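# Structural description and commentary
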Amino acid sequence: MSEAINYQDRPWMDPDAEPFIKVQSVSKFFGDFTAVDSVDLEIYKGELFSLLGGSGCGKTTLLRMLAGFENPSTGNIFIDGVNMNGVPPYERPVNMMFQSYALFPHMTVESNVAYGLKRDNLGASDIAQKVEEVLEMVELTRFRKRKPHQLSGGQKQRVALARALVKQPKVLLLDEPLGALDKRLREQAQFELMNLQDQLGVTFVVVTHDQEEAMTLSTRIAIMDNGRFMQIGTPTEIYEFPESRLVANFIGNANMFEGRIIENGPDHVIVQSKQPECLFYIDHGLSIQEGSKVWVALRPEKITVTKESTASGSNNTLKGMVHGIGYLGGHSTYRVKAGDTLIEITSPNQSRPKDGNPPIDWDEEVHLSWEASSSVVLTR
Ligand SMILES: Nc1ncnc2c1ncn2[C@@H]1O[C@H](COP(=O)(O)OP(=O)(O)OP(=O)(O)O)[C@@H](O)[C@H]1O
Ligand SMILES: [Mg+2]
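Residues numbered from 1 in each chain as written. Chains lettered and ligands numbered in written order. Predicted model: local features only at pLDDT ≥ 70, side-chain atom pairs only at ≥ 80, totals over all residues.

## Brief notes about unusual backbone geometry
Here the amide bond leading from Q275 into P276 is cis, since omega sits at 0 degrees, within 30 degrees of zero. Of note, P276 is situated in the loop between β12 (269-273) and β13 (278-282). With a phi close to 65 degrees, D363 is a non-glycine residue in the positive phi region. Mapped onto the secondary structure, D363 falls in the loop between β18 (341-348) and β19 (365-369). (Helix = DSSP H or I, 4+ residues; strand = E, 2+ residues; numbered from the N terminus.)

## What to know about the domain arrangement of the protein chain
Here the protein chain is described as being made up of domain 1 (11-246) and domain 2 (255-378). When each unit is reduced to the centre of its C-alpha atoms, the spacing between domain 1 and domain 2 is 39 Å. Taken together, the four residues of domain 1 in the interface contact five residues of domain 2. Of the residues contributing to the side of domain 1 that touches domain 2, the split by class is two nonpolar, one polar and one charged. (Domains from an automatic or database assignment. Contact = placed C-beta atoms within 7 Å. Nonpolar A, V, L, I, M, F, W, Y, C, P; charged D, E, K, R; others polar.)

## Observations concerning the site of ligand 1
Lining the immediate environment of ligand 1, one finds F30, F33, A35, G53, S55, G56, C57, G58, K59, T60, T61 and H209. Of all the secondary-structure elements, those providing two or more residues to the shell around ligand 1 are β2 (33-43) and α1 (59-67). Residue contributions to the shell around ligand 1 peak at three residues, all from α1. Classifying every residue of the shell around ligand 1 by side-chain character gives four nonpolar, seven polar and one charged. (Near = placed C-beta within 6 Å.)

## Here's the deal with the sheet that holds strand β4 (residues 74-79)
With antiparallel pairing, four strands are arranged side by side in an open sheet as β2-β1-β4-β5. Edge strands, defined here as strands with exactly one partner in the open sheet, are β2 and β5 (82-83). Where strand β1 (residues 21-30) lies against β4, five bridges are found, and the strand directions are antiparallel. Paired with I21 across the bridge in β4 is I79. (Pairing = 2+ DSSP bridges.)

Below, the structure written as structure tokens:
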């Protein structure tokens, strides 16, 4: 008997799971401009799904269509099995936290949070209780009587979050929720957001243009460009298995080498790059024709830099000159020039240098090497 697979943390892998949000060939045109271009998307209950992409790529527009503030020009959106076509925002099981928090400046924290409940004609004691609960959750109880201008950026952000959460939506749409926070607060807020999501089991769709944030927060990420999805996957899939140069460059850094497939075996591929001259041996087969033009993407942390050559053959190795070093404490970045190409390498500083001198210095000749499994071959 085969053991049942547990899909709890990755419902998108479960062939029997029904997506909670289903976006089917949705486009949005503004006049003759296409803001969202025929996208398909399935998001499952309890996911923290991120839409990631540069400014103007259509993230907010897609979110506004999920919320019901904008109608799709073509296609359908289903939430919890119901077609949302023509359903107004307040009748959808979703709530949206806007890019600018849009708090009412003349109202206290408490009244800002209670606003939506009052509009639903809830009883006063009911409202008071819900507001109290949610303020506690986001740790704002002490500030309940303050007005927005008396709060820090992080506190304002938590008011906006409380206001979106208090109505207990099944889906929370967050547009750049942490955009106004500085780096340290942001990191703290990211973990708070993940905790909240864990506690409440709400499905989150988060828009961001901060790649680190998306990597930290998400169950899955959709990379968007020009109104289209370039790739959808877990943070690991997107980082380690990018399907295009655009995605490889968008998430993290990648050294990109143009080359041709000169050998294509069942269990390996060899790519020859001319600039710099190098042979990439890749330890798995690919369904790409011999002779095809490809790009090899190699992440900076996958490259080892040494003074002595450690390579046993001529594959997966390069010789170069140190052109720059950035010492960042925990790790260092090296820029190594091989031929006319600058290659970026990041390397952890595991041991303390004995005499305080760096182990590798500027203008030194160095050897670069990487494993056969480290290169990603891309055709677009
Ligand atoms: N009401 C509108 N009328 C015309 N064009 C619009 C309208 N709303 C958005 N757009 C255009 O659609 C494109 C996508 O806008 P959108 O707000 O979705 O981008 P975004 O990905 O959220 O960007 P950002 O990261 O800057 O917030 C932009 O080029 C924008 O100018
Ligand atoms: Mg936006």
